[in-house]
Amino acid sequence: MELYDIISNDIKEAMKAKDKVALDTLRNIKKVLLEAKTAPGAGDTVSDETAIKIIQKLVKQGKESAELFQSQNRAELAAEELAQVAVMEKYLPKQMSEEEIAAALKEIIAQVGADKPQDMGKVMGVATKQLAGKADGKTISAIVKQLLA
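This is a predicted model, so every value here is computed, not measured. (Residues numbered from 1 in each chain as written. Predicted model: local features only at pLDDT ≥ 70, side-chain atom pairs only at ≥ 80, totals over all residues. Heavy atoms only, no water.)

Draft legend 1. Representation of the overall build of the protein chain. When helices and strands are tallied, the protein chain shows 7 helices and 0 strands. Across the protein chain, helices and strands are ordered from the amino to the carboxyl terminus as α-α-α-α-α-α-α. Dimensions of the protein chain, computed from C-alpha atoms along their principal axes, come out at roughly 55 × 45 × 25 Å. Taking contacts inside the protein chain between residues at least 6 apart in sequence as the whole, the part at least 24 apart equals 58%. Within the structure as shown, the protein chain displays about 9300 Å² of accessible surface, and the carbon and sulfur contribution to it stands at 54%. (Helix = DSSP H or I, 4+ residues; strand = E, 2+ residues; numbered from the N terminus. Contact = heavy atoms within 4.5 Å. Areas by Shrake-Rupley, 256 points an atom, 1.4 Å probe, with all protein chains shown as cover.)

Draft legend 2. Just the nonpolar core, in detail. With 23 residues, the main nonpolar core has Leu3, Ile7, Leu26, Ile29, Leu33 and Ile55 as its most contacted residues. Listing elements by their share of this core, those giving two or more residues are helix H1 (3-17), helix H2 (20-37), helix H3 (48-71) and helix H4 (75-89). (Core = buried A, V, L, I, M, F, W, Y, C linked by side-chain atoms within 4.5 Å. Buried < 20%, exposed > 50% of the residue type's maximum accessible area, 1.4 Å probe, protein only.)

Draft legend 3. Spatial organisation of the side chain of glutamate 81. Inspection of the secondary structure puts glutamate 81 in helix H4. As a buried residue without a salt bridge, glutamate 81 has its nearest oppositely charged side chain in arginine 74, at a separation of 11 Å. Leave out the neighbours within four places in its chain, and glutamate 81 touches Gly62, Ser65, Ala66 and Phe69. (Lys, Arg positive; Asp, Glu negative; His and termini not counted. Salt bridge = Lys/Arg side-chain N within 4 Å of Asp/Glu carboxyl O.)

Draft legend 4. The arrangement of the side chain of threonine 25 in detail. As for its position among the elements, threonine 25 is in helix H2. For threonine 25, a relative accessible area of 2% puts it in the buried group. Leave out the neighbours within four places in its chain, and threonine 25 touches Gln84, Val87 and Met88.

Draft legend 5. Structural context of unusual backbone geometry. Despite not being glycine, lysine 18 has its phi angle at roughly 55 degrees, a positive value. A positive phi angle is found at asparagine 73, which is not glycine, with a value near 55 degrees. Summarising the element assignment, asparagine 73 is placed in the loop between H3 and H4.

Draft legend 6. Examining H1 more closely. Compared with an ideal rise of 1.5 Å per residue, which puts 15 residues at 21 Å, H1 spans 20 Å between its outermost C-alpha atoms and is within 8% of the ideal. Of the residues making up H1, those classed as buried are Leu3, Tyr4, Ile7, Ser8, Ile11 and Ala14. One face of H1 carries all of its buried residues, which in axial projection span an arc of 145 degrees. Facing away from the buried side of H1 by over 90 degrees, the exposed positions are Lys16 and Ala17. Residues of H1 that are buried in the fold lie against H2 and H3. Following H1 by one or two positions, lysine 18 has its phi on the positive side, about 55 degrees. (Expected span 1.5 Å × (residues − 1). Arc of directions from axis to C-beta.)

Draft legend 7. The arrangement of the pattern of salt bridges in detail. This structure, assessed with the given rule, holds 5 salt bridges. One salt bridge in this structure joins lysine 16 and glutamate 13, with 3.9 Å as the shortest N-O distance. Of the two residues, lysine 16 and glutamate 13 are both situated in helix H1; the distance of 3 residues between them amounts to about one turn of the helix.

Draft legend 8. Representation of H3 within the structure. Helix length check: H3, at 24 residues, gives a terminal C-alpha distance of 34 Å against a target of 34 Å (1.5 Å per residue), a fit within 8%. For H3, the set of buried residues is Ala51, Ile52, Ile54, Ile55, Leu58, Val59, Gly62, Ala66 and Phe69. Contacts made by the buried residues of H3 are with H1, H2 and H4.

Shown next as structure tokens:
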């Protein structure tokens, strides 16, 4: 079953459970996926890979909004955003821990022959492809900087 269909089914479950946060979040995800599905050249389908990228983008936006609300002392809005992020994260692959990311990056650094901070671009190019969906870009970047320093 495709991720799009799973989300559609979960919308029905959220309606039955009267879970407003999940329902609003899932409807938003479905709306964005529908837009991607009907975009020119999409062929009226959304692959799971594309859906995951879209959900990751929404999660990132939600976390950034929550940080902004926190900095403006709007805790209730920040909590609302984080609740939506929690719902969205259920549809993403399990994220790697920092130790797992560091181990993978050490292999990538050896693979590309990087040994100085100027080689960060080479490492990031390979790392973002290999760790796509499993690790956040900011985290990858920070660990690469640390390892090459």
